[in-house]
Amino acid sequence: MSGKTVSSAILLLVVGNAIAVISDVFVKFLEEGVPVFQYAFLRCVITLLLLAPFWKHLDTGHFFEGGVLHFIRGHVHLVGMICMVYALIALPLATANAVFMVAPIMVMILSVMFFGERLSTLSLVAVISGFAGILVILRPVEIGWAALAALGTAAALAINAVLVRRLPRDQSTVQKLFLNYLMITPLCLALAWWEGAAWSREVLISAFGSALFILGYNVCVLLAYKHVDANQITSAEYTALVWAVIIGWVFFAEVPDLWFVVGSAMIVVPLLLIGLQQRRIRPRPSHHELADTRYHTAPATDDEGITQDAGYKQ
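Everything quoted here is computed from the prediction, not taken from an experiment.

Engineer: How should I be thinking about the overall build of the protein in this particular structure?
Structural biologist: Helix and strand counts for the protein stand at 12 helices and four strands. With 314 residues in all, the protein has 56% of them scored as buried. In the form shown here, the protein has an accessible surface area of approximately 14000 Å², with 71% of it arising from carbon and sulfur atoms.

If you want it as structure tokens, here you go:
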């Protein structure tokens, strides 16, 4: 899987999204009442250690360039990470992933609010259909803290996908990831100390597994988007929902109902149509911002209003 052809790049994304969902499994195996701040702290430390071998990609001369924005994005990411843990523990794996996928729709709204961009007719349909799909999946009678946590994760993904446009363009992915976690580690440590829970091997294993597999996903994405235009392969990232259904059924005996199928289609299909529309307009260089967050394809838009992938996984 070299990623140099469209077919190999698509395969990389399919495999990468399977790896990403496996990272969710490590979180989902945690029990209710888990010390979530301890998890967040361990996740930060482990991610920083995993990134350490790539120190050559850090620009030490301008290490803290864009520091204020990195600080904001990092703490938004922390909120999303905590919400993600609650959502994955309480909701079926596929349901949580379907709600996370509303992030691209939120990006469209934020782009209108903060950058004055205009939604096309298809984009407007995607916004309306996406939020209706969330209601179909969750159904008002079933909306609780877990559902709100999943929406909180999606909101965090969307905010960071928009903010990534303001980061220094010459910073490497490794540096952006490193700063993201470095900025929130002190607060995570303070919160873990305030939480006062005994250090748990279960939480350590979960944090290590989720961090490792998310970085594995990031490697797959980096290779996939390196040689191929993003608009040719982005739709392959929605296979994450398929993997979530399969893995949820195998590991947790979760069988999606008709509400889930209909709601997921209402979210994903308009986004796929937008991707096909962009492919017909013109090819464009890929711009896939990697980050260790939960979401894969939260599309930000460039200055010309053309959607760009800002993959963001919690």
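What follows picks up the thread again.
Engineer: Before we go on, may I ask you to explain the nonpolar core in this structure?
Structural biologist: General note: in soluble globular proteins, nonpolar side chains tend to be found buried as a group. One finds Tyr 39, Met 84 and Val 85 to be the most contacted residues of the largest nonpolar core, which totals 77 residues. Here this core gets 10 residues from one element, more than from any other, and that element is helix H2 (residues 36-51). Among all residues touching Tyr 39, those that are not within four sequence positions of it are Val 27, Leu 30, Met 81, Met 84, Val 85, Val 203, Ser 206, Ala 207 and Ser 210. Counting residues in hydrophobic clusters, the runner-up holds 13 residues, among them Ile 19, Tyr 217, Tyr 225 and Val 228.

Engineer: Looking at this structure, how should I read the packing of aromatic side chains?
Structural biologist: What describes a pair of aromatic rings is the distance from one ring centre to the other and the angle between the planes of the rings. The tally for this structure, following the rule as stated, stands at seven aromatic pairs. Their ring planes at 50° and their centres at 5.1 Å tell us that Phe 29 and Phe 252 sit as a pair that is tilted. Here Phe 29, found in the loop between helix H1 (6-28) and H2, pairs with Phe 252, found in helix H11 (residues 239-252); they are 223 residues apart in sequence, far enough to count as distant. Owing to a relative accessible area of 47%, Phe 29 belongs among the partly exposed residues under this scheme. Residue classification places Phe 252 among the partly exposed positions, given a relative accessible area of 22%. Plain terms: the ring middles of Phe 251 and Phe 252 are 6.4 Å apart, the flat faces sit at 45° to each other, and that makes the pair tilted. Each member of the aromatic cluster is reached from another via a ring pair, and the members are Phe 29, Phe 251 and Phe 252. For Lys 28, the ring lying beneath its charged end belongs to Phe 252, and the centroid distance is 5.5 Å.

Engineer: How should I be thinking about the packing of helix H4 (residues 93-100) against helix H6 (residues 121-138) in this particular structure?
Structural biologist: Each pair of packed helices gets described by two things: the angle between the helix axes and the distance between those axes. For the pair H4 and H6, the least separation of the axes is 10 Å and the interaxial angle reads 160°. The angle between H4 and H6 falls in the class roughly antiparallel. Two packed elements cross with a definite hand, and for H4 against H6 that hand is left-handed. Facing Thr 95, Ala 98 and Val 99 of H4, the residues of H6 in contact are Ile 134, Ile 137 and Leu 138. Of the residues belonging to the contact of H4 with H6, the class tally is five nonpolar, one polar and no charged.

Engineer: Which parts of the structure should I look at to understand the environment of Ser 210?
Structural biologist: Note on placement: Ser 210 falls in helix H9 (residues 201-227). The class of Ser 210 is buried, set by a relative accessible area of 2%. Sequence-wise, Ser 210 and Arg 43 are 167 residues apart; in three dimensions their C-alpha atoms are separated by 8.0 Å. If we skip the residues at most four places from it in the chain, Ser 210 touches Ser 23, Phe 26, Val 27, Tyr 39 and Arg 43. Side chain to side chain, Ser 210 and Tyr 39 meet in a polar contact 3.0 Å long.

Engineer: It is not clear to me how the confidence of the model for the protein should be interpreted in this structure. Could you clarify?
Structural biologist: Caution applies to low-pLDDT regions: their predicted coordinates should not be interpreted in detail. Overall, the prediction assigns the protein a mean pLDDT of 83, with 85% of residues at 70 or greater. Scored below 50 in pLDDT, residues 284-312 shows 134 contacts in the model against residues more than four places distant or in partner chains.

Engineer: Teacher, can you tell me more about H11 here?
Structural biologist: An α-helical turn contains 3.6 residues, so a residue and the one three or four places further along point in the same direction. Under the 1.5 Å per step criterion, the end-to-end length of H11 is 19 Å for 14 residues, consistent within 8% with the ideal 20 Å. Taken together, the buried positions of H11 are Ala 240, Leu 241, Ala 244, Ile 247 and Gly 248. All buried residues of H11 lie within an arc of 130° about the axis, which places them on one face of the element. For H11, exposure combined with an orientation more than 90 degrees from the buried face picks out Trp 249 and Val 250.

Engineer: Can you walk me through helix H3 (residues 67-90) in this structure?
Structural biologist: Here H3 spans 35 Å end to end across 24 residues, near enough to the 34 Å set by a 1.5 Å rise per residue. Extensive coverage of H3 is indicated by the burial of 18 of its 24 residues.

Engineer: Even after reading the chapter, I still don't get the environment of Trp 55, so can you show me in this structure?
Structural biologist: With respect to the helices, strands and loops of the structure, Trp 55 is situated in the loop between H2 and H3. C-alpha separation for the pair Trp 55 and Gln 175, spaced 120 residues apart in sequence, amounts to 8.4 Å.

Engineer: Please clarify how the state of the cysteines should be interpreted in this entry.
Structural biologist: Two cysteines whose sulfur atoms are joined by a covalent bond form what is called a disulfide. In the structure shown here, the tally under the stated rule is zero disulfides. Here Cys 44 stays unpaired: no disulfide links it, and the sulfur of Cys 188, its closest cysteine neighbor, is 3.8 Å away.

Engineer: How should unusual backbone geometry be read in this particular structure?
Structural biologist: Phi is mostly negative for residues that are not glycine, and the peptide bonds are mostly trans. Positive phi, close to 55°, is recorded for Ala 253, a residue that is not glycine. Along the polypeptide, Ala 253 turns up in the loop between H11 and helix H12 (258-281).

Engineer: Help me out: how do you make sense of the pattern of salt bridges in this one?
Structural biologist: For the structure shown, the criterion picks out two salt bridges. For Glu 117, the salt bridge is made with Arg 165, and the minimal N-O distance between the two is 3.3 Å. Of the two residues, Glu 117 sits in the loop between helix H5 (103-115) and H6 while Arg 165 sits in the loop between helix H7 (145-163) and helix H8 (173-195), which places them 48 residues apart along the sequence. Like Glu 117, the residue Arg 165 is buried in the burial classification.

The rules we used
- Residues numbered from 1 in each chain as written.
- Predicted model: local features only at pLDDT ≥ 70, side-chain atom pairs only at ≥ 80, totals over all residues.
- Heavy atoms only, no water.
- Helix = DSSP H or I, 4+ residues; strand = E, 2+ residues; numbered from the N terminus.
- Buried < 20%, exposed > 50% of the residue type's maximum accessible area, 1.4 Å probe, protein only.
- Areas by Shrake-Rupley, 256 points an atom, 1.4 Å probe, with all protein chains shown as cover.
- Core = buried A, V, L, I, M, F, W, Y, C linked by side-chain atoms within 4.5 Å.
- Contact = heavy atoms within 4.5 Å.
- Phe/Tyr/Trp six-rings, centres within 6.5 Å; stacked < 30°, edge-to-face > 60°.
- Lys NZ or Arg CZ within 6 Å of the ring centre and 35° of its normal.
- Axes fitted to C-alpha atoms, helices over the stretch in contact; angles between N-to-C directions.
- Parallel < 35°, antiparallel > 145°, perpendicular 65-115°, else oblique.
- Left-handed = near helix turned anticlockwise from the far one by under 90°.
- Nonpolar A, V, L, I, M, F, W, Y, C, P; charged D, E, K, R; others polar.
- Polar contact = N/O pair within 3.5 Å; in protein donor to acceptor, adjacent residues only side chain to side chain.
- pLDDT = per-residue confidence, 0-100.
- Expected span 1.5 Å × (residues − 1).
- Arc of directions from axis to C-beta.
- Disulfide = S-S within 2.5 Å.
- Salt bridge = Lys/Arg side-chain N within 4 Å of Asp/Glu carboxyl O.

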